[in-house]
Amino acid sequence: MEYILNPWPWYVSGPLIAMVMALLLYFGKTFGMSSNLKTLCTIGGAGKFSDFFRFNWKDQIWNLVVVLGAIIGGFIATHYLSNDAVTNLNPQTISELQSMGFQNAGATLVPNEVFSLDTLNTKSLLLLIGGGLLVGFGTRYAGGCTSGHAITGLSSLQKPSLIAVIGFFIGGLIMANLLLPLIF
């Protein structure tokens with residue numbers, strides 16, 4: 001049970017991801033979580049308002065099952081297969097986060113100072129809404145999300161996905177090193 005409760009090493013999880021990607025490529029499918037939002041909007045009737053949402057959504061049912069599996073799997077992992085271990089962060093990172101006001105850096109997957117209902121204020125609400133809009137715009141502008149480009153796009157050797165993934169990393173570095181200290 002201890003093996004299941006801890007993060008799996010790369011030599012187990014990596015080949016499992018590669019096997020899933022090989023199967024998806026074999027069956028002519030692509031993986032990406034953001035495409036499911038398009039499918040859900042189409043199911044909800046968005047095709048009445050925009051041509052972008054006019055497609056046969058029933059061809060994407062398999063991808064909605066992936067989302068359902070991710071939700072159920074995340075719930076099971078969090079509630080039944082979690083050992084509540086603290087994330088092993090670099091001491092310098094911990095001190096930098098503490099200087100920005102994050103008290104228990106690494107104790108939770110997301111900082112309670114931003115994502116807790118107890119600390120919900122105008123600033124955190126604006127950050128969440130603004131971040132959500134930027135992620136949504138970026139996903140649409142880049143033609144897919146990080147999982148779609150980094151897993152499916154790179155495994156099928158697509159140059160736009162390589163460019164997108166490089167952009168994701170540059171954006172993450174800018175956010176973590178330049179913008180985050182300004183915000184907090």
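Residues numbered from 1 in each chain as written. Predicted model: local features only at pLDDT ≥ 70, side-chain atom pairs only at ≥ 80, totals over all residues. Heavy atoms only, no water.

J.: I'd like a description of the nonpolar core, backed by residues and values.
T.: If you look at the biggest cluster of nonpolar residues, it comprises 5 residues: L97, M100, F102, A105 and V114. Those residues in contact with V114, other than ones at most four positions away along the chain, are F102, T119, S124, L128 and F184. (Core = buried A, V, L, I, M, F, W, Y, C linked by side-chain atoms within 4.5 Å. Buried < 20%, exposed > 50% of the residue type's maximum accessible area, 1.4 Å probe, protein only. Contact = heavy atoms within 4.5 Å.)

J.: How would you explain helix α8 (residues 146–155) if you had to name every residue and give the values?
T.: Side chains of residues three or four places apart in an α-helix project in the same direction, reflecting 3.6 residues per turn. What α8 keeps buried is the set S147, G148, H149, T152 and G153. Buried residues along α8 sit against α2 (10–26), α7 (122–142) and α9 (159–183). L157 sits one or two residues past α8 and shows a positive phi near 55 degrees. (Helix = DSSP H or I, 4+ residues; strand = E, 2+ residues; numbered from the N terminus.)

J.: Explain the packing of helix α3 (residues 35–43) against helix α4 (residues 61–80) to me, and be specific about the residues and the numbers.
T.: For the pair α3 and α4, interaxial distance at closest approach is 10 Å and the crossing angle is 115 degrees. Of the possible angle classes, the one that applies to α3 and α4 is roughly perpendicular. Between α3 and α4 the crossing geometry is left-handed. Mapping the contact onto sequence places S35, N36, T39, L40 and I43 in α3 and N63, L64 and V67 in α4. (Axes fitted to C-alpha atoms, helices over the stretch in contact; angles between N-to-C directions. Parallel < 35°, antiparallel > 145°, perpendicular 65-115°, else oblique. Left-handed = near helix turned anticlockwise from the far one by under 90°.)

J.: Account for the layout of surface pockets, naming residues and giving values.
T.: For the largest pocket, the calculated volume is near 1,400 Å³. If you go around the largest pocket, you meet 45 residues; those closest to its centre are V135, G172, M175, A176 and L180. At the level of elements, α5 (91–99), α6 (112–115), α7 and α9 are the ones that each hand at least two residues to the lining of the largest pocket. Tallied by class, residues from the lining of the largest pocket come to 27 nonpolar, 16 polar and 2 charged. (1 Å grid on protein atoms, 1.4 Å probe; cavity = no way out; pocket = protein on both sides within 12 Å on 5 of 7 lines; lining within 4 Å. Points joined across faces, edges and corners; volume = space filled by probe spheres on them. Nonpolar A, V, L, I, M, F, W, Y, C, P; charged D, E, K, R; others polar.)

J.: I'd like a rundown of the side chain of S147, residues and numbers included.
T.: Along the polypeptide, S147 turns up in helix α8. Since its relative accessible area comes to 17%, S147 is described here as buried. What S147 contacts, discounting residues up to four positions off in sequence, is F31, G32, M33 and T152.

J.: If you had to explain the packing of aromatic side chains to someone new, which residues and values would you point to?
T.: Note on aromatic pairs: each is described by the distance of the centres and the angle between the planes. Summed over all chains, the structure comprises 5 aromatic pairs. Centroid distance Y26 to F27: 5.0 Å. Interplanar angle 85 degrees. Geometry classified as edge-to-face. The interplanar angle of 75 degrees and the centroid separation of 6.2 Å between the aromatic rings of F75 and Y80 together place this pair among those described as edge-to-face. For Y80, a relative accessible area of 59% puts it in the exposed group. In this structure, K38 packs its charged tip against the face of F52, placed 4.4 Å from the ring centre. (Phe/Tyr/Trp six-rings, centres within 6.5 Å; stacked < 30°, edge-to-face > 60°. Lys NZ or Arg CZ within 6 Å of the ring centre and 35° of its normal.)

J.: Run through a nonpolar patch on the surface, naming residues and quoting values.
T.: Taken together, the side chains of M1, Y3, I4, W8, L16, M19, L23, Y26 and F27 present a nonpolar region at the surface, about 1,100 Å² in accessible area. Mapped onto the nonpolar patch, the elements with two or more residues apiece are α1 (2–5) and α2. No other element matches α2, which puts 4 residues into the nonpolar patch. Taking the relative accessible area as the measure of exposure, F27 reaches 57% and is therefore exposed. (Patch = residues over 30% accessible without salt bridge, like charges linked within 9 Å, V, L, I, M, F, W, Y side chains within 5 Å. Areas by Shrake-Rupley, 256 points an atom, 1.4 Å probe, with all protein chains shown as cover. Salt bridge = Lys/Arg side-chain N within 4 Å of Asp/Glu carboxyl O.)

J.: Tell me about the pattern of salt bridges, residues and numbers included.
T.: Side chains that carry opposite charge are capable of pairing whenever their charged atoms lie near each other. Here the structure, examined in full by the defined rule, presents 1 salt bridge. Linking R54 and D51 is a salt bridge whose minimum nitrogen-to-oxygen distance equals 2.0 Å.

J.: Outline the environment of C41, supporting the account with residue identities and numerical values.
T.: Turning to its location among the elements, C41 is positioned in helix α3. Sequence separation of C41 and R54 is 13 residues, and the distance between their C-alpha atoms is 9.9 Å. Setting aside anything within four residues of it in sequence, one finds C41 in contact with A46 and F53.

J.: How would you explain unusual backbone geometry if you had to name every residue and give the values?
T.: The backbone of L157 shows a phi angle near 55 degrees, a positive value even though the residue is not glycine. Structurally, L157 can be placed in the loop between α8 and α9. For L157, a relative accessible area of 78% puts it in the exposed group.

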